[in-house]
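Now for the letters of each chain:
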Amino acid sequence: MNHPTPAPTPARSGPDAVRSAQYDAFHTARARSTLVGRLYAEAMGEDYPAEVAASSSCDWPLLGLMTARLRLRPGELLVDAACGAGGVGLWLARALAVHLDGFDLSSVAIAQATARRGHFLGGADRAVFRVAELQNTGLPDACAHGIVCVDALGRAADRGAAMRELGRVLAPGGRLVVTRALRRGAQPAWHEHVAAAGLVQEYVDERPGEPAMWARLYRLWTAHADQLRRELGEAPAEAMLREAQQVLPTLPGRRAVVLTLRRPAATPDAPAGGSVADRMPGLARQSGDRLESSEETPQ
């Protein structure tokens, strides 16, 4: 299977350049020390997938859930949106025997992901990584059979535009699996974004342990603040500690979910109106299944 040819990535300026530099600094610092990985492992316990080594809430239960929800066939194309150092997408590509296209805002993360291909896939022919952003992936229309986006959509400058872009890239019948953090009382926006992207909601899976995991991790970061500064450097450590200080108070009452969204197949007998989720048994629902706008998603 040939990989789609992405459009050239435009030069960044302003806020995008600042965010890219911050992520570059984090990934550079993490590669210098095992401390961050050890703290993630301590916070997640036996749910920590050491091989993946993601800088996110990705744990063994989430990997299993994404594997089941994507329903990909061997040889199809999976896109890992905001892939970081690539562990999540590479693990899924190996497990599902699919091709992988990963993109991220950080050029450092992309270099690290590219270097990891051999460990997971034994060669470079099944995975490509490149610098791009959620609102402008550079991918052709309808090229992806599946997309995953872990802990990144909440950080997009324009979540609606990011959702529309991922919907554009998704082929008919394909699925987008995305993690989302929600708070009560915020202005609802999610259903409008899904509809505008031409997608339907298929599943909403609860992640009841996710807020407590972040709370444990943030407390560990704070407890190891001096060691983080020594091993990572002042700027990356301060960014992590600032995140911990800002997000930790918001975690009580937080609702974390995994959304599976599907682009309907274009068939003459496709049912009109309503989402697939409305017709599926056993779907977890809360508050009428009306999802509200996201809190800041942790790094």
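Let us look at the structure shown here. In this text, all values refer to a predicted model and were calculated from it rather than measured experimentally.

Here the focus is the packing of helix α2 (residues 35-44) against helix α10 (residues 225-232). Between two packed helices, the angle of one axis relative to the other and the distance separating the axes together describe the packing. It is at 10 Å that the axes of α2 and α10 come closest, and there the two elements cross at 145°. On α10, the residues touching Leu35, Val36, Arg38 and Leu39 of α2 are Gln227, Leu228, Glu231 and Leu232. Class assignment of the residues belonging to the contact of α2 with α10 gives a composition of five nonpolar, one polar and two charged.

All right, on to the layout of surface pockets then. To find leftover empty space, one rolls a probe the size of a water molecule over the atoms. Approximately 260 Å³ is the volume found for the second largest pocket. Around the second largest pocket, the lining residues are His27, Arg30, Ala31, Ser33, Thr34, Gly37, Ala53, Ser55, Ala85, Gln112 and Arg116. The leading source of residues in the lining of the second largest pocket is helix α1 (residues 15-32), at three residues. Here the residues of the lining of the second largest pocket are counted per class, giving three nonpolar, six polar and two charged.

One pass over the full model with this rule turns up two cavities of 30 Å³ or more. What lines the largest cavity is a set of 33 residues, among which Ala82, Cys83, Gly84, Asp104 and Ala152 lie closest to the centre. Taken together, the elements giving at least two residues each to the lining of the largest cavity come down to α1, β1 (77-81), α4 (87-96) and β2 (99-104). Among the elements that make up the lining of the largest cavity, the one with the highest residue count is α1 (three residues). Residue classes in the lining of the largest cavity are distributed as 18 nonpolar, eight polar and seven charged.

Reading the values: rules and limits
Residues numbered from 1 in each chain as written. Predicted model: local features only at pLDDT ≥ 70, side-chain atom pairs only at ≥ 80, totals over all residues. Heavy atoms only, no water. Axes fitted to C-alpha atoms, helices over the stretch in contact; angles between N-to-C directions. Helix = DSSP H or I, 4+ residues; strand = E, 2+ residues; numbered from the N terminus. Contact = heavy atoms within 4.5 Å. Nonpolar A, V, L, I, M, F, W, Y, C, P; charged D, E, K, R; others polar. 1 Å grid on protein atoms, 1.4 Å probe; cavity = no way out; pocket = protein on both sides within 12 Å on 5 of 7 lines; lining within 4 Å. Points joined across faces, edges and corners; volume = space filled by probe spheres on them.

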